[in-house]
Amino acid sequence: MIIDERLSTYIDSISWDIPKYLKEVEKAALADEVPIIRRSMQSLISFLLEMKKPNAVLEIGTAVGFSSMFMSEYVPEDTIIDTIEKVPIRIKCAKENFERYGKNDRITLYEGDAVDVLKKLAAEGRKYDFIFMDAAKGQYLNFLEPVLDMLTDDGLLVTDNVLQDGDIIQSRYAITKRDRTIHGRMREYLYFLTHSERFKTVVLPVGDGAALSQVIRADRKKE
Ligand SMILES: C[S@@+](CC[C@H](N)C(=O)[O-])C[C@H]1O[C@@H](n2cnc3c(N)ncnc32)[C@H](O)[C@@H]1O
């Protein structure tokens, strides 16, 4: 938790409300220790979706389908929602959830490693104006090229977990050896987002840290 837990609980208590079926999915996911978006991130995403009203949403990291079903509640009815997951047990659970809650026609689940699925979708010429990156933190850089190809000229890329529960500010030597590669790769990813001429990026201490990267339209770029 990056911000004070009591403060976070207070903010959730005044700003968080989701449909009953999602509360059930959230409860089951947490009981099974499946990492799903935290409530503060839920608030942020629902706000962004209501504001942006995207035509097509792509999520990388479905888990059991909580966030894709969640997003389906805050976008127009004809918005395309595609999501990618590679772990068979999670795919099975997400499919069961989509079936149970009538989301089969609403959400398309692509099975497989995002590195391959993203390449395939990009090769098909798919375009998305809202991309939610929420998979293995150490792999975000590997996903970037096809993600950038598919993001529209007014697209928004939302990346979760960028502050790694606060670990991002630690020196690499203070990080356990096991997590050093991820730590370095996340810093590299954040450097790219915050220094790319294509984006205006803001990093927020929400959940595990959220980066919002808005594509800057060509006619708005500085000389
Ligand atoms: C944090 S969970 C996603 C949570 C989900 N977005 C939610 O909030 O309901 C990350 C998921 O990404 C999946 N994942 C990690 N690396 C992946 C990859 N290379 N390709 C596809 N899925 C991946 C994991 O199996 C895991 O289920």
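See the structure shown above.
On a predicted model such as this, the values are computed, not experimentally measured, just so you know.

Undergrad: What am I meant to see in the overall build of the protein here?
TA: Each helix and strand counted, the protein has eight helices and seven strands in total. Scaling as 2.2 N^0.38, a compact globule of 223 residues should have a C-alpha radius of gyration of about 17 Å, and the protein matches this with 17 Å. Along the first, second and third principal axes, the C-alpha atoms of the protein reach 50 × 40 × 35 Å. Put simply, 69% of the contacts in the protein that link residues at least 6 apart link residues at least 24 apart. When the accessible surface of the protein is split by element, carbon and sulfur atoms take 52% of a total near 12,100 Å². One finds the centroid of the 32 positive side-chain charges in the protein at a distance of 3 Å from the centroid of its 37 negative side-chain charges.

Undergrad: Would you take a moment to explain the side chain of D82 for this structure?
TA: Mapped onto the secondary structure, D82 falls in strand β2 (residues 80-85). Here the side chain of D82 touches R126 through a polar contact of 3.5 Å, side chain to side chain. In this view, D82 contacts V57, L58, E59, T108, Y110, R126 and Y128; residues no more than four positions away in its chain are not counted.

Undergrad: I'm lost on the site of the ligand in this one. Help?
TA: Among the 21 residues in the neighbourhood of the ligand, the closest are listed as G61, S67, E85, A114 and D134. Between the ligand and R90, the relevant distance is 2.8 Å, taken from an oxygen atom to a side-chain nitrogen or oxygen of the residue. Side-chain polar atom of Q139 to a nitrogen atom of the ligand: 2.9 Å apart, as the coordinates give it. When isolated, the ligand has an accessible area of 610 Å², and the protein chains bury 93% of it. Here the ligand is seated within the largest pocket. Tallied by class, residues from the shell around the ligand come to ten nonpolar, five polar and six charged.

Undergrad: Explanation requested: the pairing of strand β5 (residues 151-160) in the structure shown.
TA: Along any regular strand, the residues point their side chains to alternate faces of the sheet. Counting buried positions along β5 yields eight of ten residues, so the element is predominantly enclosed. Pairing geometry for strand β4 (residues 128-133) and β5, over five bridges, is parallel. Looking across to β5, one finds that Y128 is bridged to L151. Here five bridges tie β5 to strand β7 (residues 210-215), and the two strands are oriented antiparallel to one another. Of the residues in β7, the one forming a bridge with T159 is A211.

Undergrad: Can you walk me through the packing of helix α6 (residues 114-123) against helix α7 (residues 140-150) in this structure?
TA: In helix packing, the relevant descriptors are the interaxial angle and the interaxial distance, both defined with respect to the helix axes. Where α6 meets α7, the closest approach of the two axes is 9 Å, and the angle between their N-to-C directions is 20 degrees. Our classification of the angle between α6 and α7 gives roughly parallel. You can see that α6 and α7 cross each other, and the crossing is left-handed. Contacts from A114, V115, L118, K119, L121 and A122 in α6 reach N142, F143, P146, V147, D149 and M150 in α7.

Undergrad: Just to check I follow, could you spell out the nonpolar core for this structure?
TA: Proteins that are soluble and globular tend to have nonpolar side chains buried together. Within the largest apolar cluster, 36 residues are counted, with the highest numbers of intra-cluster contacts made by M41, F70 and F130. Of all elements in the fold, only α2 (20-31), α3 (39-52), α4 (66-72), α5 (88-100), β3 (107-111), β4, β5 and β7 reach the threshold of two or more residues within this core. Non-local contacts of F70, meaning those with residues more than four positions away in its chain, are made with I18, L22, I37, Q42, I45 and S46. Grouped together as the second largest cluster of nonpolar side chains are 29 residues, A114, M150, L190 and A211 included.

Undergrad: I would appreciate a short explanation of the layout of surface pockets in the present structure.
TA: Each pocket or cavity is described by its volume, and for the largest pocket that value is around 1,100 Å³. As for the largest pocket, its lining consists of 47 residues, of which P35, I36, D134, D160 and N161 are closest to the centre. Contributing elements (two or more residues each) for the lining of the largest pocket: α1 (5-15), α2, α3, α4 and β2. Partitioned by chemical class, the residues of the lining of the largest pocket number 21 nonpolar, 13 polar and 13 charged.

Criteria and cut-off values
Residues numbered from 1 in each chain as written. Predicted model: local features only at pLDDT ≥ 70, side-chain atom pairs only at ≥ 80, totals over all residues. Heavy atoms only, no water. Helix = DSSP H or I, 4+ residues; strand = E, 2+ residues; numbered from the N terminus. Rg over C-alpha atoms; globule rule 2.2 N^0.38 Å. Contact = heavy atoms within 4.5 Å. Areas by Shrake-Rupley, 256 points an atom, 1.4 Å probe, with all protein chains shown as cover. Lys, Arg positive; Asp, Glu negative; His and termini not counted. Charge placed at Lys NZ, Arg CZ, Asp CG, Glu CD. Polar contact = N/O pair within 3.5 Å; in protein donor to acceptor, adjacent residues only side chain to side chain. Near = heavy atom within 4 Å. 1 Å grid on protein atoms, 1.4 Å probe; cavity = no way out; pocket = protein on both sides within 12 Å on 5 of 7 lines; lining within 4 Å. Sits in = over half its atoms within 2 Å of the grid points. Nonpolar A, V, L, I, M, F, W, Y, C, P; charged D, E, K, R; others polar. Buried < 20%, exposed > 50% of the residue type's maximum accessible area, 1.4 Å probe, protein only. Pairing = 2+ DSSP bridges. Axes fitted to C-alpha atoms, helices over the stretch in contact; angles between N-to-C directions. Parallel < 35°, antiparallel > 145°, perpendicular 65-115°, else oblique. Left-handed = near helix turned anticlockwise from the far one by under 90°. Core = buried A, V, L, I, M, F, W, Y, C linked by side-chain atoms within 4.5 Å. Points joined across faces, edges and corners; volume = space filled by probe spheres on them.

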